[in-house]
Amino acid sequence: AYVNTKEILEKASQEFYAVPALNINNLEFLQVIIEAGLEERAPVIIETSEGAIKYAGNGNILRGAKLFVDMVRAYADTIDIPVALHLDHGKHFEFIMAAIKAGYSSVMIDASEYPFEENLKITKKIVEIAHSVGVSVEAELGRLVGIEDNVIVEEHEAALVDPDEAAEFVEKTGVDFLAPAIGTSHGAFKFKGAAKLDFDRLKKVKNLTNKPLVLHGASSVPQEIVKLAEEYGANFKGAKGVPSEILKEAVRYGINKVNTDTDLRMAFVAGLREFLAGNPAEFDPRKYFKTSKEYVKKVIKDRMRLLDCANKA
Ligand SMILES: O=C(COP(=O)(O)O)N(O)CCCCO
Ligand code: NA
Ligand SMILES: [Zn+2]
């Protein structure tokens with residue numbers, strides 16, 4: 001069933017588990033996300049960036065948004081697990097409005113690059129519009145920066161979420177779920193030194209807001225995938241992610257949505273490189289993504305179990 005993201009996350013927040021939010025840009029990722037959700041009996045949160053919407057619509061934003069809603073609903077309306085579609089990192093009004101108009105379950109307004117008062121003002125406006133048509137809203141406080149080794153350099157300190165600001169922000173904006181910056185960063189090269197998140201801030205934000213919380217930059221960059229891809233010519237030197245144990249701890253302290261894109265991308269390209277190296281005569285697009293899809297599906301199933309949302313559909 002096609003549901004509102006808030007419904008999935010409120011339940012997760014009550015029961016202290018988390019749901020992976022999985023980025024798609026094409027049909028193949030959607031297919032394996034749905035298969036993984038059905039096999040693990042897990043709720044599914046699918047998300048698309050503004051870039052994915054531009055990509056799918058060949059530059060036409062509303063067309064791209066509608067394409068993703070129609071693709072996701074074609075699956076969601078025919079299966080018995082809850083499925084939501086979310087706009088990730090909405091930074092431009094045009095994309096946020098296109099997603100709302102097309103029928104997305106929820107949108108992120110990412111105004112975290114602006115000063116607190118500005119972020120609050122922008123977010124409040126988007127919440128009013130989205131809530132008027134039953135769409136839920138995610139916002140971000142603080143900025144995604146790695147914590148340098150174990151010393152929190154002062155500018156990084158400033159980038160991390162301020163728990164007291166989070167309480168005021170949630171109160172004044174009415175936002176449905178919040179992404180507090182606690183030391184993660186996007187992509188395959190996280191953390192300068194040891195992987196470290198600011199769990200003290202996380203616990204405070206949870207207690208002060210009592211909202212479902214989102215962890216961005218949460219890919220783990222599994223080393224076996226990195227090695228496999230490198231075996232077939234990839235150069236992922238220095239790739240590093242969030243260790244599973246740290247993810248589990250984040251869930252214990254109140255993270256409920258775990259944004260995962262890089263791990264899916266790395267698994268897909270490792271599988272593609274391996275398949276093409278071993279099948280020089282193959283040119284059927286229903287075949288040459290086979291290994292890629294298997295690897296992506298395994299990453300997703302493992303993460304659903306790690307975050308404890310398996311059998312929670
Ligand atoms: O926070 C995330 C996921 O971060 P990660 O790069 O760790 O998968 N996202 O918002 C997904 C898109 C951003 C770039 O990949
Ligand atoms: Na998001
Ligand atoms: Zn993100």
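Residues numbered from 1 in each chain as written. Chains lettered and ligands numbered in written order. Predicted model: local features only at pLDDT ≥ 70, side-chain atom pairs only at ≥ 80, totals over all residues. Heavy atoms only, no water.

**Notes on the site of ligand 1**
- Lining the immediate surroundings of ligand 1 are 14 residues, of which D88, K190, S219, D261 and T262 lie closest.
- D88 places a side-chain nitrogen or oxygen 2.6 Å from an oxygen atom of ligand 1.
- In this structure, H186 approaches ligand 1 through a side-chain N or O atom, which is 3.0 Å from an oxygen atom.
- Protein burial of ligand 1: of its 380 Å² of free accessible surface, 91% is covered by the chains.
- Residue assignment for the shell around ligand 1 shows that the elements contributing at least two residues are β3 (83-90) and β8 (255-260).
- When grouped by side-chain class, the residues that make up the shell around ligand 1 number one nonpolar, 10 polar and three charged. (Near = heavy atom within 4 Å. Polar contact = N/O pair within 3.5 Å; in protein donor to acceptor, adjacent residues only side chain to side chain. Areas by Shrake-Rupley, 256 points an atom, 1.4 Å probe, with all protein chains shown as cover. Helix = DSSP H or I, 4+ residues; strand = E, 2+ residues; numbered from the N terminus. Nonpolar A, V, L, I, M, F, W, Y, C, P; charged D, E, K, R; others polar.)

**Some remarks on the coordination of the sodium ion (ligand 2)**
- Ligation of the sodium ion (ligand 2) by protein atoms is provided by H86 (NE2), D88 (OD), E138 (OE), E138 (OE) and K257 (NZ), these donors lying 2.5 to 3.0 Å from the ion.
- In primary-sequence terms, the residues that donate to the sodium ion (ligand 2) follow H-x1-D-x49-E-x118-K. (Donors = N, O, S within 2.8 Å, 3.2 Å for Na, K, Ca; no water.)

**Digging into the confidence of the model for the chain**
- When pLDDT is averaged along the chain, the result is 96, and 96% of the positions lie at 70 or above.
- This complex was scored by the predictor with a pTM of 0.97 and an ipTM of 0.98. (pLDDT = per-residue confidence, 0-100.)

**Side note on the nonpolar core**
- One finds I46, V83, Y104, V107 and I300 to be the most contacted residues of the largest nonpolar core, which totals 102 residues.
- Take this core: its biggest share by element is seven residues, from helix α4 (residues 61-76). (Core = buried A, V, L, I, M, F, W, Y, C linked by side-chain atoms within 4.5 Å. Buried < 20%, exposed > 50% of the residue type's maximum accessible area, 1.4 Å probe, protein only.)

**As for the environment of D176**
- Within the secondary structure, D176 is located in the loop between α8 (163-173) and β6 (177-180).
- Residue class for D176 comes out buried when judged on its relative accessible area of 3%.
- Sequence spacing of D176 and L307 is 131 residues, and the spatial spacing of their C-alpha atoms is 21 Å.
- A polar side-chain atom of D176 sits 2.6 Å from a polar atom in the side chain of H131.

**Considering the coordination of the zinc ion (ligand 3)**
- Ligation of the zinc ion (ligand 3) by protein atoms is provided by H89 (NE2), H186 (NE2) and H216 (ND1), these donors lying 2.0 to 2.1 Å from the ion.
- On the primary sequence, the residues serving as donors to the zinc ion (ligand 3) are separated as H-x96-H-x29-H.
- In this model, the zinc ion (ligand 3) sits 5.7 Å from the sodium ion (ligand 2). Here the residue H89 occupies a position in strand β3, and H186 occupies one in the loop between β6 and α9 (199-209), the gap between them amounting to 97 residues.
- Judged by relative accessible area, which is 14%, H89 ranks as buried.

**Quick look at the packing of α8 against α9**
- Running from amino to carboxyl end, α8 crosses α9 at an angle of 30°, the nearest separation of the two axes being 9 Å. Comparing their axes, α9 and α8 come out roughly parallel. With respect to the hand of their crossing, α8 and α9 are arranged in right-handed fashion. Packed against α8, whose contacting residues are P163, D164, A166, A167 and V170, the element α9 presents R201, K204, V205, L208 and T209 at the interface.
- Tallied by class, the residues present in the contact of α8 with α9 amount to six nonpolar, one polar and three charged. (Axes fitted to C-alpha atoms, helices over the stretch in contact; angles between N-to-C directions. Parallel < 35°, antiparallel > 145°, perpendicular 65-115°, else oblique. Left-handed = near helix turned anticlockwise from the far one by under 90°. Contact = heavy atoms within 4.5 Å.)

**Section: a negative patch on the surface**
- On the surface, a cluster of negative charge is contributed by E117, D162, D164 and E165.
- Take D164: it is sitting in helix α8.
- Look at D164 and you get exposed, because its relative accessible area is 56%. (Patch = residues over 30% accessible without salt bridge, like charges linked within 9 Å, V, L, I, M, F, W, Y side chains within 5 Å. Salt bridge = Lys/Arg side-chain N within 4 Å of Asp/Glu carboxyl O. Lys, Arg positive; Asp, Glu negative; His and termini not counted. Charge placed at Lys NZ, Arg CZ, Asp CG, Glu CD.)

**Thoughts on the packing of aromatic side chains**
- The full count for this structure, using the stated rule, is five aromatic pairs.
- Taken together, a centroid distance of 5.3 Å and an interplanar angle of 65° make the contact between F199 and Y253 edge-to-face. Residue F199 is located in helix α9, and its partner Y253 is located in the loop between α11 (244-252) and β8; the two are separated by 54 residues in the primary sequence.
- A relative accessible area of 23% places Y253 in the partly exposed class.
- A centroid spacing of 5.4 Å and a plane angle of 45° characterise the contact between F268 and F289, whose relative ring orientation is tilted. One end of the pair, F268, is in helix α12 (residues 262-278); the other, F289, is in the loop between α12 and α13 (290-306), with 21 residues separating them in the sequence. The exposure classification of F268 matches that of F289, with both residues buried. (Phe/Tyr/Trp six-rings, centres within 6.5 Å; stacked < 30°, edge-to-face > 60°.)

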